[in-house]
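Residues per chain are reported as follows:
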Amino acid sequence: MTTTALDHGARRAILDACRSLEQPTLDWLFRLVRCPSTLGNEHGALAEMERLYRHLGLEPVRVPVVASALESHPGWSPPLIAYEGRDNVAAVFRPRQPRGRSLALQGHVDVVPEGAADMWASPPYAPELREGRIYGRGAGDMKAGIVSYCMAFEALRRAGLQPAAEVQLQAVIEEECTGNGALATMLALPATDAAIIPEPGPGLDGLYTAEVGVVWAWVTVSGRPAHVREMQAGVNAIEAAGIIAAAFKEYEAEQNRAEHIHAAFHGINHPVNVNLGTIEGGEWNSSVPTRARIGLRVGVMPGNTARRVKADIEALVAGAATHERLRGAKVELAFRGFLADPCVFPKEEPIVQLAMRCYADATGGSLRDYPATGLTDGRHFVLHRDTPCAVFGPDAVDIHGIDENVGVESVHGITRAIALAIAGWCGVEHA
Ligand SMILES: [Zn+2]
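Rules used throughout
Residues numbered from 1 in each chain as written. Predicted model: local features only at pLDDT ≥ 70, side-chain atom pairs only at ≥ 80, totals over all residues. Heavy atoms only, no water. Phe/Tyr/Trp six-rings, centres within 6.5 Å; stacked < 30°, edge-to-face > 60°. Helix = DSSP H or I, 4+ residues; strand = E, 2+ residues; numbered from the N terminus. Buried < 20%, exposed > 50% of the residue type's maximum accessible area, 1.4 Å probe, protein only. Lys NZ or Arg CZ within 6 Å of the ring centre and 35° of its normal. Donors = N, O, S within 2.8 Å, 3.2 Å for Na, K, Ca; no water. Tetrahedral: all angles 85-135°; square planar, octahedral: opposite > 155°, others 65-115°. Contact = heavy atoms within 4.5 Å. Axes fitted to C-alpha atoms, helices over the stretch in contact; angles between N-to-C directions. Parallel < 35°, antiparallel > 145°, perpendicular 65-115°, else oblique. Left-handed = near helix turned anticlockwise from the far one by under 90°. Nonpolar A, V, L, I, M, F, W, Y, C, P; charged D, E, K, R; others polar.

Caption draft 1: Seen up close, the packing of aromatic side chains. All chains considered together, the criterion is met by five aromatic pairs. Judged by centre distance (5.6 Å) and plane angle (70°), the rings of Phe93 and Phe153 are edge-to-face. With a gap of 60 residues between them, Phe93 in strand 2 (residues 88-93) and Phe153 in helix 5 (residues 139-158) connect regions that are remote in the sequence. Given a relative accessible area of 2%, Phe153 falls into the buried group. Measuring from centroid to centroid gives 5.7 Å for Trp216 and Phe338, while their planes differ by 90°, and the two rings are edge-to-face. With Trp216 in strand 11 (residues 213-222) and Phe338 in the loop between strand 14 (330-334) and strand 15 (339-340), this pair connects stretches of sequence that are 122 residues apart. Given the relative accessible area of 5%, Phe338 is considered buried. Taken together, the ring pairs in this structure connect Trp216, Trp218 and Phe338 into an aromatic cluster. The cationic tip of Arg101 hangs over the ring face of Trp425; the distance from NZ or CZ to the ring centre is 3.7 Å. A cation over an aromatic ring shows up here: Arg130 above the ring of Tyr135, its NZ or CZ 3.9 Å from the ring centre.

Structure representation (structure tokens):
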């Protein structure tokens, strides 16, 4: 069944219901943004998701991440912290008479740190609506998307309908550092015929056509301390870490050479990024620092694999450690966080085609192709479950930056598109 097969009255009723849900959409988004759900602090947002799923007439279940059960899975990434008290939340809708195709609606509740909070025009966890946009950490990435899929589901109910196939709603942790929340939740539930993840577009309503993989690496350099008077006798761990970081930048340049770039990323300037994300070290301004640690994020182009890039990193760090200025230093390399493969989301997939048609129907516009230089949880469905996935979402700006914001009209348009896509994919029955 396609949207064109959805009868005119049902389509009209669903779109009207979406309009009537525009204020509740903003209310729920504000509630979620008020939860500072950074790594290890997701409990408030997860509790809100339980409330939201109950509000939709569904019974939420908690889905733990059990490391011992998953660590040999190819989609697993080495975690940064333990999983106790941070269970994902899911809810499953079952129709009276399953006729259509089943669907997973998925989103992550975790957000990246707010950075320098004093640089925000309004506090990052005090959401504000200004000139048609909602500001706050996680507003775009991706609490708006989560609220969109929930309100889309609710719109069918308000229209007196319900999906004619199983629909899973999933709210997961750790999309921003491992993807293990998504993996555990996906595997705990039956496979569906398709998945939708409303991750934000890059300043416009975007359709993810591909995404890079990511590897996180941590390099710890232990130098030789000395008083600055005998500085030449010591090995400065911070300077040594800088030498190793420079080797990563050479690797980045190599990976961005044209012959390494997958067709999905043609025309994208510099698609493989190495980010020197964290640095800590040193003890005293007048002491040569003993130890420094840098944390890096390395992109992985489709065609390459996370495990191959991991091996490249091992070789490049071993090579950099032989630099003459690192003589006497100890260099340790650890992999914690993403070990994630890249992924392509073929546009020919029926769920993607349907999403594009529904978006056009709901908004009069068209989704822009977005080959993403960051990743989503979509890879788990495609790579590890053979479940086609449509990743598309609202116009968000400065995600991971200062003054993150999302366009209100864009969020409503995505909600309408998802509502029509649920009806079109699953079919409908009278509630
Ligand atoms: Zn995201």
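Caption draft 2: How the structure looks around the coordination of the zinc ion. For the zinc ion, the protein coordination sphere consists of His108 (NE2), Asp141 (OD), Glu199 (OE) and Glu199 (OE), at 1.9 to 2.6 Å. Every donor counted, the four donor atoms about the zinc ion form angles of 54 to 149° at the centre, which fits irregular coordination. Read in sequence order, the donor residues coordinating the zinc ion give the pattern H-x32-D-x57-E. Residue His108 is found in strand 3 (residues 103-108), and its partner Asp141 is found in helix 5; the two are separated by 33 residues along the sequence. An identical accessibility class is assigned to His108 and Asp141; each is buried.

Caption draft 3: Expanded view of the environment of Ile197. With respect to the secondary-structure elements, Ile197 resides in strand 8 (residues 195-197). Under the relative-accessibility criterion, Ile197 is labelled buried at 0%. Along the sequence, Ile197 and Glu71 sit 126 residues apart, while their C-alpha atoms lie 24 Å from each other. Here Ile197 is in contact with Gln106, Met142, Asp377, Gly378, Phe381, Cys389, Ala390, Val391 and Phe392, once residues within four sequence places are set aside.

Caption draft 4: Quick look at the packing of helix 6 (residues 180-188) against helix 10 (residues 378-385). Two elements in contact, helix 6 and helix 10, have axes whose closest approach is 9 Å; the angle formed by their N-to-C orientations is 50°. Looking at the two axes, helix 6 sits oblique to helix 10. Crossing geometry of helix 6 relative to helix 10 is assigned as right-handed. Contacts between helix 6 and helix 10 involve Ala182, Leu183, Met186 and Leu187 from the former and His380, Phe381, His384 and Arg385 from the latter. For the contact of helix 6 with helix 10, the class distribution of residues is five nonpolar, two polar and one charged.

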